[in-house]
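Observations on chain architecture
Below are the chains, spelled out letter by letter.
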Amino acid sequence: MTSKKLHVGLGLALVGLFLASLLTGVAEVAPLTALKALITGGEGPLGLVMREIRLPRAILAAMVGASLGLSGAALQGLLRNPMAEPGVIGISASAALGAVIALQTGLAASFALALPLAALLGALLGVGAILFLAGRGGGTLALILAGIALSALASALTSLVLNLSPNPFAAQDIVFWMMGSLADCSFTHVAIAAPFMALGGWLLARSGRGLDALTLGEDAAASMGIDLARLRLAVILGTAASVGAATAVAGTVGFVGLVVPHLLRPLVGASPARLLPAAALGGAVLVLIADIAVRKVLPGQDLKLGVLMALVGAPVFLHLIWRMRGQP
């Protein structure tokens with residue numbers, strides 16, 4: 001399959017799943033009636049539900065999936081490690097720590113936007129710490145070690161906040177938020193996340209040529225005129241902006257940035273540049289499928305998106321590892 005056909009197929013799947021997400025909810029409504037209410041609005045509650053609840057949820061599902069898939073593909077290309085994913089450099093854990101602090105201190109209850117803004121601030125502080133620890137001239141190993149250290153520290157601090165929380169209701173909110181969900185999202189969340197995701201996506205999309213050259217090795221890439229320090233900075237900042245914004249609005253959603261590039265890489269060859277757009281589309285498709293499933297599998301229960309992604313993603317990843325046995 002050529003890259004163009006793959007992109008077209010994923011694009012069509014994305015459009016179909018986006019429409020399916022709009023038509024999925026607690027109340028069963030005829031598709032034409034629901035779409036008419038979305039377009040015309042109307043005076044009944046259906047128009048409000050379609051425009052203020054289902055539409056922003058579908059948009060955010062596509063945005064979050066695209067950001068996580070694109071970030072995972074870029075990081076795997078930068079680190080030249082198919083096991084890499086956004087969590088490896090600690091951005092997700094840093095964003096989660098910022099959100100946890102907002103919940104624990106009561107800021108999230110007093111200010112509606114405190115939760116996503118605190119998560120974004122955590123992600124920005126996390127990338128600053130990584131850049132400081134790894135240094136501008138630091139190589140791949142320094143970057144990985146700095147990310148692992150930051151992830152471990154942020155996770156430990158999050159556990160400490162939970163452990164010392166005097167308010168059981170705040171602790172429960174923290175646990176539920178960390179499971180990941182797109183429920184109760186609005187266009188305010190879309191407006192908060194969109195600029196950061198757009199910036200991150202732009203930085204990562206521009207890194208395709210450098211990542212292609214990096215497959216030949218750092219020395220070969222440098223001889224081709226690739227500024228490795230600038231490439232690392234672009235990928236790290238792009239990942240921080242994209243994953244930080246995704247975590248800010250949806251909580252912790254794992255495995256997307258790990259599994260999607262793995263599934264699509266054989267279809268695009270060894271070129272990271274061709275994998276980047278495919279991974280973005282594939283991530284959006286996967287998260288839309290998962291978000292539809294959480295509303296269909298247990299409609300009477302609040303099944304979390306992150307929980308379902310872990311239940312599906314872990315076996316898929318284990319299967320991929322099983323298939324790789326014996327390969328050099």
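For the structure itself, consult the block above.
Residues numbered from 1 in each chain as written. Predicted model: local features only at pLDDT ≥ 70, side-chain atom pairs only at ≥ 80, totals over all residues. Heavy atoms only, no water.

So, on to the nonpolar core. In a soluble, globular protein the nonpolar side chains are often hidden away together inside. Counting 82 residues, the largest nonpolar core has Val64, Leu78, Ile91 and Leu182 as the members making the most contacts within it. Of all the elements, helix H14 (residues 272–297) adds the most residues to this core, at 13 residues. Residues within four places of Leu182 in sequence aside, it is in contact with Arg57, Leu60, Ala61, Val64, Ala250, Val287, Asp291 and Leu305. Formed by 7 residues, the second largest nonpolar core is a distinct cluster that contains Leu22, Leu38, Met50 and Leu55. (Core = buried A, V, L, I, M, F, W, Y, C linked by side-chain atoms within 4.5 Å. Buried < 20%, exposed > 50% of the residue type's maximum accessible area, 1.4 Å probe, protein only. Helix = DSSP H or I, 4+ residues; strand = E, 2+ residues; numbered from the N terminus. Contact = heavy atoms within 4.5 Å.)

It is worth spelling out the packing of aromatic side chains at this point. Under the criterion given, the structure shown has 0 aromatic pairs. Stacked on the ring of Trp202, the Lys or Arg Arg206 has its end atom at 4.7 Å from the ring centre. (Phe/Tyr/Trp six-rings, centres within 6.5 Å; stacked < 30°, edge-to-face > 60°. Lys NZ or Arg CZ within 6 Å of the ring centre and 35° of its normal.)

On to unusual backbone geometry, then. If you check the backbone angles, Asp184 has positive phi at about 65° while not being a glycine. In this structure, Asp184 sits in the loop between helix H8 (168–178) and helix H9 (187–205). Even without glycine at this site, Phe255 takes up a positive phi of about 75°. Along the chain, the position of Phe255 falls in the loop between helix H12 (228–250) and helix H13 (256–268).

This next bit is on the pattern of salt bridges. Side-chain pairs of opposite charge can arise where the charged atoms are in close proximity. Considering all chains together, one arrives at 4 salt bridges under this definition. Here Glu218 and Arg80 are joined by a salt bridge, their closest N and O atoms 3.5 Å apart. On the criterion of sequence distance, the pair formed by Glu218 in helix H11 (residues 218–223) and Arg80 in the loop between helix H3 (45–79) and helix H4 (91–105) is long-range, its members being 138 residues apart. In this structure, Arg232 engages Glu218 in a salt bridge whose closest nitrogen and oxygen atoms are separated by 3.2 Å. You can see Arg232 sitting in helix H12 and its partner Glu218 sitting in helix H11, a full 14 residues away along the chain. When salt bridges that share partners are traced, they join Arg57, Asp291 and Arg295 into one network. (Salt bridge = Lys/Arg side-chain N within 4 Å of Asp/Glu carboxyl O.)

For Gln104, the position within the fold is in helix H4. Exposure remark for Gln104: the relative accessible area of 24% places this residue in the partly exposed category. Each C-alpha atom, one on Gln104 and one on Asn167, is 8.1 Å from the other, the two residues being 63 residues apart in sequence. Not counting the four nearest positions on each side in its chain, Gln104 is found in contact with Val161, Ser165, Pro166, Ala170 and Ile174.

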